[in-house]
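What the coordinates show
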Amino acid sequence: MTDALLSRGLSTQVRLAIAEIAGASGVWCPALAPTGDRVACVSDRSGKPRLEVATLGQQTPPAVLSGPDEEVVSVAWSPDGEWLAYLVSPGGSICAQLWAVRPDGTDRHLVAGEDPRTTVFAGGWTAAPGHYVCSIAPGDGPGADVVLVDVVSGARRTLATGGFLSVTAVAADERTLLARRGPRGHRHVVLVDVASGEQRRVVPLGSPGGAASEDGRFAPDGSAVYLRAGLPGVPGLPRSDRTGLLRVPLDADRVPGTGEVLVARPDADLDAYAVLADGTVVCVWNADGSTEVEVRDLADGRLVRAVPLPEPVMPGWSLAGDGRTLLAELTGPLAPRSLWLVSLDGADGPQPLPSTPRRPDPHLLVVPEHRRYAAADGTELDGWLYVPPGVHGPNRTVVSFHGGPEGQERPSWSPVAQSLVAAGLTVFAPNVRGSGGHGAAFMAADDLGAREASFADVVATVDHLVGSGVARPGQLGAHGWSYGGYLTLVALTRWPDLFAAGATLAGMSDLRTFFAGTEPWMAAASVTEYGDPVADRDVLAAISPMTALDRLTAPVLLTHGDRDTNVPVLESVQAHQELTARGATAELLLLTGEGHTIVGRENLLHLSERVAEWFDRWL
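Attention in this report is confined to the structure presented alongside it. Keep in mind that this is a model prediction, so the values were computed, not measured.

Parameters at a glance
Residues numbered from 1 in each chain as written. Predicted model: local features only at pLDDT ≥ 70, side-chain atom pairs only at ≥ 80, totals over all residues. Heavy atoms only, no water. Pairing = 2+ DSSP bridges. Helix = DSSP H or I, 4+ residues; strand = E, 2+ residues; numbered from the N terminus. Axes fitted to C-alpha atoms, helices over the stretch in contact; angles between N-to-C directions. Expected span 1.5 Å × (residues − 1). Buried < 20%, exposed > 50% of the residue type's maximum accessible area, 1.4 Å probe, protein only. Parallel < 35°, antiparallel > 145°, perpendicular 65-115°, else oblique. Left-handed = near helix turned anticlockwise from the far one by under 90°. Contact = heavy atoms within 4.5 Å. Nonpolar A, V, L, I, M, F, W, Y, C, P; charged D, E, K, R; others polar. Core = buried A, V, L, I, M, F, W, Y, C linked by side-chain atoms within 4.5 Å. Phe/Tyr/Trp six-rings, centres within 6.5 Å; stacked < 30°, edge-to-face > 60°. Lys NZ or Arg CZ within 6 Å of the ring centre and 35° of its normal.

Points about the sheet that holds strand β16 (residues 199-201)
Strand order in the open sheet made by the 4 strands is β13-β14-β15-β16, with antiparallel pairing throughout. Each having just a single partner strand, β13 (166-170) and β16 make up the two edges of the open sheet. Averaged over neighbouring strand pairs, the angle between their axes works out to 30° when direction is ignored. Here strand β14 (residues 176-181) runs beside strand β15 (residues 188-193); their pairing, made up of 6 bridges, is antiparallel. By the bridge assignment, R181 is partnered in β15 with H188.

Description of helix α12 (residues 601-618)
For α12, which comprises 18 residues, the first-to-last C-alpha distance of 26 Å matches the rise-based estimate of 26 Å (1.5 Å per residue) to within 8%. Most of α12 is tucked away: 13 of the 18 residues are buried.

Structural notes on the packing of helix α2 (residues 12-22) against helix α3 (residues 415-422)
Helix packing geometry: the angle between the two helix axes and the distance between the axes. It is the contact of α2 with α3, at a shortest axis distance of 9 Å, that shows an interaxial angle of 165°. Judged by the angle between their axes, α2 and α3 are roughly antiparallel. The handedness of the crossing between α2 and α3 is right-handed. Contacts between α2 and α3 involve V14, A17, I18, I21 and A22 from the former and P415, Q418, S419 and A422 from the latter. Among the residues making up the contact of α2 with α3, the classes are represented as 7 nonpolar, 2 polar and no charged.

Looking at the nonpolar core
Among the nonpolar cores identified, the biggest contains 48 residues, and Y486, F499, M508, L511, F514, Y530 and V556 are the most heavily contacted of them. Per-element tally for this core: the top contributor is helix α6 (residues 483-494), with 7 residues. Of all hydrophobic cores here, the second largest spans 30 residues; its members include V416, A506, L604 and V611.

Remarks on the packing of aromatic side chains
Summed over the entire model, instances satisfying the criterion amount to 11 aromatic pairs. Look at F514 and F515: their rings are 5.5 Å apart centre to centre, the planes differ by 65°, and that puts the pair in the edge-to-face class. Taking the relative accessible area as the measure of exposure, F514 reaches 2% and is therefore buried. Among the residues examined, F515 registers a relative accessible area of 7% and is labelled buried. Geometry around W285 places R265 over its ring, the cationic atom sitting 5.2 Å from the centre. Taking the ring centre of W28 as reference, the NZ or CZ of R337 above it sits at 3.9 Å.

Focus: the sheet that holds strand β12 (residues 156-160)
Within the open sheet, the 4 strands sit side by side as β9-β10-β11-β12. Their pairing is antiparallel. What marks the edges here is a single partner per strand, and that holds for β9 (119-125) and β12. Here the strands of the sheet are splayed against their neighbours by 30° on average, with no regard to which way each runs. Note that strand β10 (residues 131-137) and strand β11 (residues 145-150) share 6 bridges and pair antiparallel. Paired with V133 across the two strands is L148, which belongs to β11.

Focus: the pairing of β11
With 5 of its 6 residues buried, β11 lies for the most part within the structure. Sheet topology places β11 next to β12; 4 bridges connect them, and they run antiparallel. Within β12, the residue paired with V146 across the bridge is A160. Hairpin remark: β11 followed by β12, antiparallel, with 5 residues in the connecting loop; positive phi at G154, about 85°.

Here it is in structure tokens:
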């Protein structure tokens, strides 16, 4: 590599394009007021995620209700309209606090999470005024309790304990609740009697939905439980292990009966749902990464109407009280997250809220192509291909791996991918086995001893890109966030000639130190994914890049938020120290005040430019 090539930087035009792309604002997590005339949401238009309240139909700027130093995660409006409950990430940490504020901005106060090691998980408002239920992990153990808080008096009452319980619903009389429990890949919903503490599975093992269920909700009259559940072997769904809607009746003593499948599709997973008073259900499907919204009849599951969306992915939504309109959080490859009013009865077309931030210049962006290809063992894989304008043959290419590993690459807003494209690089974002959105079996196909097969999918991905004329041999880069950062380091150490450069964000370098340093509840949940940190210590060492860094030859950029407690910052620091000691080409970028996800605008701009510059230099 010549000195002239090493010193080559991005042009001013490219830097300006990246600044517009990575500097774009978004709005997400909508919560409609019970009156339907206002919306609470999270927006980063100020440079950090803040709680905003806007009046629908007005051009006036939204009011910011959160504190100046609060990094807001999510928000929920109380049923009586008197309160907003919102989660705050203190200093970027995955540990979270629960705050409450009046819709006019008064009486803002901390409700739960005073201890900096405590993590509060969002739950929801109950039918009683001022009562909010959430799950709280104390930080000194693997469990999480279900806690009811009175946001007015500050009183707290533990409703359920024993294991990691993520509350999904509370009965109107607050005598029973539904909570999801279990480690990754084995989560199921339990019905909890508050007085006795007894927990029982809503769906027994061996029944449809018994292996995996989540998002339990009580029927309005309390006579049944609705579940979003995995439905393998359901008649009419050949080889399906997709997620659908299940109804489980409750007897007079609230004992679950036999579940009935209400809605399911063999080609899509049910992401979310809402049962309406008119006997229909709003179904939000994940179909090959794109969102499809349908209204179906609860009695027979038939399609009443499909609801068109102006963007391909809907990560969040809030339903109006009359069930006729939803406020949708929508995103696409050309559009950061924004809010739209969507009519469910087809009366009106989708309308963006006036307060939606300005989008980046579409001429700076590209729409990815959805591609399918085969793994070495014939398993079908897929991914999204971003090609710079005017490129019609093999090009310098970055393979970008998503996090999770249960995450999924979808056609949504990706500032890093679009920044790389602006620098003239092709980007391919694959869904290797272990990804979500393709059924339960595919998502579990990398668990424990099967992880080697997912590693091999990296080679199959490169073979596809080179063989199909997309990538130029010797000029491929590997990039990834969280688990994707780990997979990048795995690829760089196992196949040192496969990639010419790598860049990671918040990736694990050693699964043994990850288990020791992450939050206790995260460690406990990850045992079924990677292995037991004690019993399987040798296995974890064998699949940890840290034990094979002597094989890494490509230049690598390690980036990390310095407040990350999910994948502790040590994971990047120790890899950088070891690589530097070995004389390898490695750089470390620590982003001040950031956690596992980079949310500050200045840091996101800096990260996007550094990653684009890194691959432009080495590819």
